[in-house]
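# Topology and contacts: notes
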Amino acid sequence: MFHINDNFCKLAESYLFSEVARRINAFKDAHPDAEIIRMGIGDVTKPLCPAVIAAMHDAVEEEADAASFHGYGPEQGYAFLREAIAENDYHLRGIDISADEIFVSDGAKSDTGNIGDILARGNRVAVTDPVYPVYVDTNVMGGRAGEKINGSWDRIIYLPVTAENGFVPALPSEVADVIYLCYPNNPTGTTLTRDQLKVWVDYALKHGSLILYDSAYEAFIREDDVPHSIYEIEGARKVAIEFRSFSKTAGFTGVRCAYTVVPKELKGYTADGKEISMHHLWNRRQCTKFNGASYVSQRGAAAIYTPEGKAQTREVVDYYLRNAEVLRKGLIEAGLEVFGGVNAPYVWIKTPDDMDSWRFFDMLLERCHVAGTPGSGFGPSGEGYIRLTAFNTYENTVEAVKRIGATRFD
Ligand code: MLT
């Protein structure tokens, strides 16, 4: 008789966004005429930009000819893309990251989930709360979360980020071995300044901790004091792995392409205290379990770094940022308390009269036909909030604000 990984039995019945989709679909079935504006999962609505499309067409043509066809590519990604990333995302910002420290993948969700493969089960893991559910759920699967007691996992260290602390996590009282930080933040849409991020790099240097820095929303940063990469902070090469994605930057949610940076200086420790290169371990893991993102996707991703690609993707990100501004301003005018949405595609809204998150989710869906994501789905400190995304069309965003502004929630 074989046995399963029992940790999976500890997980909630379905992943947050699957549950949200299930509820929206049930509402749609019951009200087929309702014009629902979907602002739940952060999926993009704009098509791929022309520079990406042209590069992908060319790549498809190459695949049609035996002389230029590509079979298995390098597990770490093609040099043309790794070099473009190193040059544009790092060197042009004065950051020291080399092409061979970059691992191209099919998504930041996969990489932030898979990184646990190379981490011991005994590590104490800290997450900001609310948090992108992948970090917590994959640590549950890996046996690092302990038991769920009153809505919290007893081995996870929660770092609350709420309106009360200005969405800046305080250092934990227990030592955290692994710390997940996501900035610009999903789900709150808030950011840290360089000085605020430095506090975490210094903490990790002092305690020998590892920071897993998810920077999937980097392209949305518009304010000067917000760091684009954790490696802008001195010492970060010794303590941090950075995850980035083309999903939100360039509409790759369906195409799939992302990357993870593992600096060569970053060392982990064996149970008997021996130092091991994390770059070596991740490379070993990827070579064994991953055959690389597709050639066509990687050619498309490389086109984002051409002058046309840069201008076209910036225009799309600006479009979503304008939606975020419409949401932020409009909902504040409607009397709601709203956070985020300045350097991020998410706005984080306090529910009226401290209503619980799922109740407000239902009310928005039933009374306004607007679908969000309940804050409590992102963790205990998300209770009393709801998240809306700026990834819908401008017209739908204006319409959603109009509907919400015209509704009473009592
Ligand atoms: C979200 O809505 O939080 C994201 O779209 C989820 C993801 O990137 O996997």
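Use the structure listed above.
For clarity, every value in this text was computed on a predicted model and none was experimentally measured.

### Notes on the overall build of the protein
In terms of regular secondary structure, the protein is built from twelve helices and 17 strands. What you see for the protein is a C-alpha radius of gyration of 21 Å, in line with the 22 Å of a compact globule of 410 residues. C-alpha atoms of the protein, sized along the principal axes, occupy 60 × 55 × 50 Å. Looking at the 410 residues of the protein, the share that counts as buried comes to 54%. A sequence separation of at least 24 residues applies to 73% of the contacts in the protein between residues at least 6 apart. Both charge centroids of the protein, one from 42 positive and one from 57 negative side chains, sit 2 Å from each other.

### Focus on the site of the ligand
The immediate surroundings of the ligand are formed by F17, I41, G42, K109, Y132, N186, Y217, K248, Y346 and R387. Here N186 contributes a side-chain N or O atom positioned 2.8 Å from an oxygen atom of the ligand. Relative to its unbound accessible surface of 270 Å², the ligand loses 85% to contact with the protein. Tallied by class, the residues present in the shell around the ligand amount to five nonpolar, two polar and three charged.

### So, the packing of aromatic side chains
Following the criterion strictly, the structure yields 26 aromatic pairs and no others. Relative to F220, the ring of Y217 has its centre 6.5 Å away and its plane inclined at 50°; by these criteria the two rings are tilted. Judged by its relative accessible area of 4%, Y217 is buried. With relative accessibility at 0%, the residue F220 sits in the buried group. With a centroid separation of 5.2 Å and 15° between ring planes, the pair formed by W348 and Y385 is classed as stacked. Here the residue W348 occupies a position in strand β14 (residues 346-350), and Y385 occupies one in strand β17 (residues 385-389), the gap between them amounting to 37 residues.

### Thoughts on the sheet that holds strand β7 (residues 178-182)
As summarised here, the arrangement of the seven strands in space is β2-β10-β9-β8-β7-β3-β6, forming an open sheet in which the pairing is mixed. Looking at strand neighbours, the two that pair on one side only are β2 (102-105) and β6 (156-160), the edges of this open sheet. When the angles between neighbouring strand axes are averaged without regard to direction, this sheet yields 20°. Relative to β7, strand β3 (residues 125-129) runs parallel, the two being bridged by three bridges. When the bridges of β7 are listed, V127 appears paired with Y180.

### Things to note about helix α5 (residues 133-141)
Residue pairs spaced three or four apart in an α-helix point in one direction, given the helix's 3.6 residues per turn. Most of α5 sits out of view: seven of its nine residues are buried. Those residues of α5 that sit buried are P133, V134, Y135, V136, T138, N139 and V140. The first or second residue beyond α5 is G143, which carries a positive phi of 80°.

### Notes on the packing of helix α2 (residues 50-63) against helix α9 (residues 295-303)
Where α2 meets α9, the axes come as close as 8 Å, and the angle between the chain directions of the two elements is 145°. Between α2 and α9 lies a crossing of right-handed hand. Across the interface between the two elements, A51, V52, A55, M56, A59, V60, E62 and E63 from α2 touch Y295, V296, R299, G300 and A303 from α9. Broken down by class, the residue content of the contact of α2 with α9 amounts to nine nonpolar, one polar and three charged.

### A few points about the pattern of salt bridges
Across all of its chains, the model carries 24 salt bridges by this definition. The salt bridge partner of D117 is R285, with a shortest N-O separation of 3.0 Å. Of the two residues, D117 sits in the loop between α4 (108-114) and β3 while R285 sits in helix α8 (residues 278-289), which places them 168 residues apart along the sequence. Of the residues examined, D117 reaches a relative accessible area of 41% and is grouped as partly exposed. Residues joined by salt bridges that share partners form a network here, namely D89, R93, E218, E242 and R244.

### Digging into the pairing of β14
Of all five residues that make up β14, five are buried, and the element is covered over most of its length. Burial of β14 is two-sided: the residues Y346, W348 and K350 facing one way and the residues V347 and I349 facing the other way are all buried. The sheet contact formed by strand β13 (residues 338-340) and β14 spans three bridges and is antiparallel. Bridging across to β14, V338 finds its partner in I349. The antiparallel hairpin formed by β13 and β14 contains five residues in its connecting segment, where G341 sits at a positive phi of about 75°. Relative to β17, β14 runs antiparallel, the two being bridged by five bridges. Opposite K350, over in β17, you have Y385 as the bridge partner.

What counts and what doesn't
Residues numbered from 1 in each chain as written. Predicted model: local features only at pLDDT ≥ 70, side-chain atom pairs only at ≥ 80, totals over all residues. Heavy atoms only, no water. Helix = DSSP H or I, 4+ residues; strand = E, 2+ residues; numbered from the N terminus. Rg over C-alpha atoms; globule rule 2.2 N^0.38 Å. Buried < 20%, exposed > 50% of the residue type's maximum accessible area, 1.4 Å probe, protein only. Contact = heavy atoms within 4.5 Å. Lys, Arg positive; Asp, Glu negative; His and termini not counted. Charge placed at Lys NZ, Arg CZ, Asp CG, Glu CD. Near = heavy atom within 4 Å. Polar contact = N/O pair within 3.5 Å; in protein donor to acceptor, adjacent residues only side chain to side chain. Areas by Shrake-Rupley, 256 points an atom, 1.4 Å probe, with all protein chains shown as cover. Nonpolar A, V, L, I, M, F, W, Y, C, P; charged D, E, K, R; others polar. Phe/Tyr/Trp six-rings, centres within 6.5 Å; stacked < 30°, edge-to-face > 60°. Pairing = 2+ DSSP bridges. Axes fitted to C-alpha atoms, helices over the stretch in contact; angles between N-to-C directions. Left-handed = near helix turned anticlockwise from the far one by under 90°. Salt bridge = Lys/Arg side-chain N within 4 Å of Asp/Glu carboxyl O.

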